[in-house]
Amino acid sequence: MKLLPKIITFCLLFFFSLTMQAQYKIDRLEPSFWWVGMKNPTLQLLVYGKNINQLNPQINYPGVQIEQTIQVQNPNYLFINLHISPEAKAGKFLINFQKDGKNKLVYEYQLLTRKPGSSERIGFKPSDVMYLITPDRFANALPDNDSHPAMSEKLNRSFPGGRHGGDIQGISDHLDYIKDMGFTAVWLNPVLENNQPEYSYHGYATTDFYKVDPRFGTNEDYRKLAELAQSKGIKMIMDMIANHCGSEHWWIKDLPTPDWINYKGQYHNTNHRRTIHQDPYVSSSDSQEFVDGWFVKTMPDMNQRNPLMATYLIQNTIWWIEYVHLAGIRMDTYPYPDKDFMSEWTCKVLEEYPDFNIVGEEWTDNPAIVSFWQRGKVNANGYTSCLPGLMDFPIQASVSRGLNNKEEHNSGFAEMYHMLSNDFLYPEPQNLVVFPDNHDMDRFFTQVKEDLGLFKLGIAYFLTIRGIPQIYYGTEILMVNKNPGDHSEIRTDFPGGWAGDAVNAFTGQGLSPQQMEARNFMKKLLNWRKNAQAIHQGKLMHFAPIDGVYVFFRYLDTQKIMVILNKNTSAKTLNPARFQEILKGVSQGTDIISGQEINLTQDIQLNPKTPLVIEIK
């Protein structure tokens, strides 16, 4: 019986020990793993758990040192700054979280080995053409993941703004279609978790920056998609958002600091005055309202001036580049976050990956505003940027308006000519992304009033002009939206992506003759473009449009391409004498669309509303 008190005492001590351990728990540690051999040796860990800041982290691993532990106002967060030396080896190590010198928690962390040549990866470039996909609307390969018990919004394909079931596997299954069409890069609208109660399909209200939405698949599915695409010669471009998160993001319910979200976490809409960054007369209040204001109530605006937030976003970007082996990023709403942070973000990414490419979204038809953000631009206010490229909204707008212009004298081509002439504003016009449409605007066939001739003129222009073309999924089969500006209709389901679809655009089954004509036209241009060095690297010379005909050349010493756009509703003849400064010494060419031989020493016959893309011999 004398043993009984000892047993009771031991049990009480054991129970007390378990109770102490239970006081602390790590709910999240981000990023959950990292790599050795990064150019930047610093890594900041965000640790989240009840009263976690009461603990003192300790690490005993060769080449890894804790430089600083940062406590914030919220006791449930702890930030740990690590230094990972170049000599550190890949492997697992323990982070001991202590209190009063005793371990209260132990977390196993892992450093991975980078893929060979990871830092030397080549980003998308003018030899590429992007295929833009809204994943929820492209192809549903796995119906079992259409709804998920942990996700608020369930499948509702009958609702245009609902989840329709497209997934990562659906994209993987149709990479051969994408390759066969001639595309060399895929840009996906965001695939990260959007656990919002409604309208979550578009992906722009992130609720977890380190997790793929389970209705699309897993992180591993995303990585495998990129690897499979790469094996087929297709680059992967990730859509990112540094400006805002979703209102259901896990940290919104328990913010690390009061200034983590702008306007102290209270909804205040942005004024959308994009010119505040360039305006020499701007007021501070207008500037703050633009940068700090929210897009909508469900998209809280993140404060990148908070150094912990800034580091979090930069590291998250690098993590995804390394994990998925990305070839590029499209950054959403580029001018809306803090502009100095955006400069830091792009510079840090390109320091790690010098040949990487990033394109920013600055939605304006004013090229002076767009050019402000490109690297190498000398701005009046002294702002400098590392951003390689931007979406060329000015060119897109000029083409849409120009093709629809009914004026007889210039048939709208004058606007396109003058807009292209603004390229003197850009340090690198060849690194702009040109496009007929995207996920936020009317379908291109809708823009040109469903006129196939105008459609072909526009597509030929975008695929031969300077820059990097981007084509939105379904544009190749003349997808339309009957209600202008209706995003749900713009992002409609790709026919053939769902079991039971009457039309299958992947195989061509059920497409109309006009749709097949458009698809074959684009396919021929895209596949020819793959090897057209003058389009990738050549200089550009254009001639002022006359009588509804616009002519420009792309040329190298080894190759010349002549592009002729005839917008007239009647046939025309074109005298090539006007172009002798570049045609001198040549007499023949081949129209790569029709295969027709063209005699360049006599009048060229132009069919109504028809482009010619002539490879000069």
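From a predicted model like this one, the values you see are computed outputs, not experimental measurements.

1. Some thoughts on the confidence of the model for the protein chain
Argument step 1. Of the residues in the protein chain, 96% have a pLDDT of 70 or more, and the chain-wide mean is 95.
Argument step 2. Note on residues 8–20: pLDDT is under 50 here. Beyond four places in sequence and across chains, it has one contact.

2. Some remarks on the sheet that holds strand β8 (residues 102–112)
Argument step 1. The four strands lie next to each other as β2-β8-β7-β4, forming an open sheet whose pairing is mixed. The open sheet is flanked by β2 (34–35) and β4 (56–59), the only strands paired with a single partner.
Argument step 2. As judged from the nine bridges shared by strand β7 (residues 91–99) and β8, these two strands associate in the antiparallel manner. Along β8, the bridge assignment pairs Phe97 with Leu105.

3. Thoughts on the environment of Asn405
Argument step 1. Of note, Asn405 is situated in the loop between α9 (393–404) and α10 (413–420).
Argument step 2. For Asn405, a relative accessible area of 24% translates into the label partly exposed.
Argument step 3. Remark: the alpha-carbon pair of Asn405 and Arg274, spanning 131 residues in sequence, is separated by 27 Å.

4. Here's the deal with the pairing of strand β3 (residues 42–48)
Argument step 1. Burial runs high along β3: six of the seven residues are buried.
Argument step 2. With three bridges connecting them, strand β1 (residues 28–30) and β3 associate as antiparallel partners. Its bridge partner lying in β3, Leu29 is registered against Val47.
Argument step 3. Inspection of the sheet shows β3 paired to strand β6 (residues 77–84) by seven bridges, in the antiparallel sense. Following the sheet pairing, Leu45 is matched in β6 by Ile80.

5. Thoughts on the pairing of strand β21 (residues 560–566)
Argument step 1. The element β21 is extensively covered by neighbouring structure, given that six of its seven residues are classed as buried.
Argument step 2. One ladder, built from seven bridges, connects strand β20 (residues 549–555) with β21; its direction is antiparallel. Across the sheet, residue Val551 finds its bridge partner in β21, namely Ile564.
Argument step 3. The loop that links β20 with its antiparallel partner β21 comprises four residues.
Argument step 4. In terms of strand pairing, β21 meets strand β26 (residues 610–616) through seven bridges, oriented antiparallel. Looking at β26, one finds that Val563 is bridged to Val613.

6. Details of unusual backbone geometry
Argument step 1. Here the bond from Glu30 into Pro31 is cis, since omega is -5 degrees, no more than 30 degrees from zero.
Argument step 2. Examined against the element boundaries, Pro31 turns out to sit in the loop between β1 and β2.
Argument step 3. Backbone geometry at Glu450 places phi at a positive 55 degrees, although glycine is not the residue there.
Argument step 4. Secondary-structure assignment places Glu450 in the loop between α11 (444–447) and α12 (452–464).
Argument step 5. Residue classification places Glu450 among the partly exposed residues on the basis of a relative accessible area of 37%.
Argument step 6. If you check the backbone angles, Asp547 has positive phi at about 55 degrees while not being a glycine.

Quick notes on the rules
- Residues numbered from 1 in each chain as written.
- Predicted model: local features only at pLDDT ≥ 70, side-chain atom pairs only at ≥ 80, totals over all residues.
- Heavy atoms only, no water.
- pLDDT = per-residue confidence, 0-100.
- Contact = heavy atoms within 4.5 Å.
- Pairing = 2+ DSSP bridges.
- Helix = DSSP H or I, 4+ residues; strand = E, 2+ residues; numbered from the N terminus.
- Buried < 20%, exposed > 50% of the residue type's maximum accessible area, 1.4 Å probe, protein only.

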